[in-house]
Amino acid sequence: MTDSLLASWAKDRFAGEDFHCKKGRVYVISCGTRTYTWFVKEGVLFTTAQSERGEDELANTIWQKDCMIHSLDEDTMLPLHALTDCVLVRYPSEEINRQLKEDPELGWLLAEHYHDQFTSTLAKYKHAALDASEDQLEYLEDLFSQIDELEGERISDATLATFMGMHRVSVSRVRKKLDEQKTSTPPPAVRPIDSYAATPPPQVDKLRILAEEPPDIERSAQPEIARPACREPRHAGRI
Amino acid sequence: MNEAAFAQWAREHNEGEEFHCKKDQVYVLSCGRKTYTWFVKEGVMFTAMQTENSEGELANSVWRKDNMVHSLDEDIMLPFHALTDATLVRYSSAELNRQIREDAKLSWWLAEYYHNQFTRTLSNYRHAALDASEDRLAYLEDMFAQIDELKGERISDATLASFMGMHRVSVSRIRKKLAKEKSN
């Protein structure tokens, strides 16, 4: 809600630049007080658990329509993975922030934005820190299943692995185990905690910075589209 | 404006209530838009990794002089562990937030507060998510070692275990292993 208000305000006040992103590709965007503030106009993208230069506060997040990508750091380079075809719009941060600083209501909206961003990202980290990989996977599958634009699509092992900072093989193994458990006896009370290796970071030399006319960027991950799966019931939002 | 200046502003514009906390005891604070906003007047406290009602955004943090404990949720119950004797002061959130919303500078400051709180807490979680327990313990010991008020004190296994969301026995075991590695 907060981000929608800010998106609408920004569209009314500023001339933005649109960028069209293709599904399955990775785009590196420049975001910060000295560069740009971005909004998602349409589509769904995500940032992984481990981002370049450890921009943690914007890592491991799903970005949907009207979501604002804003940072109070000077400049961060964020790899955004497009889950669907998307349109991003960017504005120069200097002008946006100047107006945010002059208007108390807008400043308050920004505080709410960070609070909400905060709690939503922490929920994912908390899962990573405290739960076994199976719980984390189930949690994430449920999270993705609640995204309307992804209805009917099965998120591939590769995509989930990228998001979780795990190896695709580990995700496949855990998914297989979960499927087997669903069809056989209930799981044991105590589950061993899997240790996993992080997936390699995005191949930087294959990523290019979003420019005036976004060039085609080599795919670092090709999501698979499988047969439609059933929607899982919605869990409570809070951790 | 920094946190100290903000704490001073709150003190000058609002009527606060003080609470004195004893070292090693745990206090549950009510914090949120409908209840209270707190400041640490003196001392050091922490919230553990797993808190009551899972208020993740204020969990796993160390709270020091002038730190503000603020939430935009309606009301959360936060267990605070006192690492030293401490004094907390609380203000009515309704009044405080009303004043913040009327002042552009204060609103922006609040946004910065959440941004900074966010990055600080995330670095703790990131360690938990990505690093082995030994690395995490070493990181946390280093973090506590930088707190002036705790100088000369050894953080107990029980305290570290609370903070990390681990069992005390696990912390003892890792510490013993690390100490052995240092002497080899």
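Residues numbered from 1 in each chain as written. Chains lettered and ligands numbered in written order. Predicted model: local features only at pLDDT ≥ 70, side-chain atom pairs only at ≥ 80, totals over all residues. Heavy atoms only, no water.

Before going further, it helps to examine the overall build of chain B. A tally of helices and strands in chain B yields 6 helices and 8 strands. The secondary structure elements of chain B, listed N-terminal to C-terminal, are α-β-β-β-β-β-β-β-β-α-α-α-α-α. The buried share of chain B, taken over its 184 residues, is 52%. The contacts in chain B between residues at least 6 apart in sequence include a share of 75% that link residues at least 24 apart. Summed over its atoms, the accessible surface of chain B is roughly 8,700 Å², and 45% of this surface lies on carbon and sulfur atoms. (Helix = DSSP H or I, 4+ residues; strand = E, 2+ residues; numbered from the N terminus. Buried < 20%, exposed > 50% of the residue type's maximum accessible area, 1.4 Å probe, protein only. Contact = heavy atoms within 4.5 Å. Areas by Shrake-Rupley, 256 points an atom, 1.4 Å probe, with all protein chains shown as cover.)

With that out of the way, let us pick up the overall build of chain A. Secondary structure assignment for chain A yields 6 helices and 8 strands. Listing the helices and strands of chain A from first to last along the sequence gives α-β-β-β-β-β-β-β-β-α-α-α-α-α. Nonlocal contacts in chain A, meaning residues at least 24 apart in sequence, comprise 78% of its contacts between residues at least 6 apart. Accessible surface, chain A as shown: approximately 11,600 Å² in total, 50% of it carbon and sulfur.

Considering every residue of chain A, the mean pLDDT works out to 72; 67% of them sit at 70 or more. Segment residues 189–239 of chain A: pLDDT under 50, and 96 contacts once partners within four positions in sequence are set aside and those in other chains are kept. (pLDDT = per-residue confidence, 0-100.)

Let us look at the sheet that holds strand E3 (residues 36–42) of chain B. Residues and elements named next belong to chain B. With antiparallel pairing, 4 strands are arranged side by side in an open sheet as E1-E8-E3-E6. The open sheet has two edge strands with one neighbour each: strand E1 (17–21) and strand E6 (68–69). Across the sheet, helix H2 (residues 93–101) is in contact with E3 and strand E8 (86–92); its angle to E8 comes to roughly 70 degrees. (Pairing = 2+ DSSP bridges. Axes fitted to C-alpha atoms, helices over the stretch in contact; angles between N-to-C directions.)

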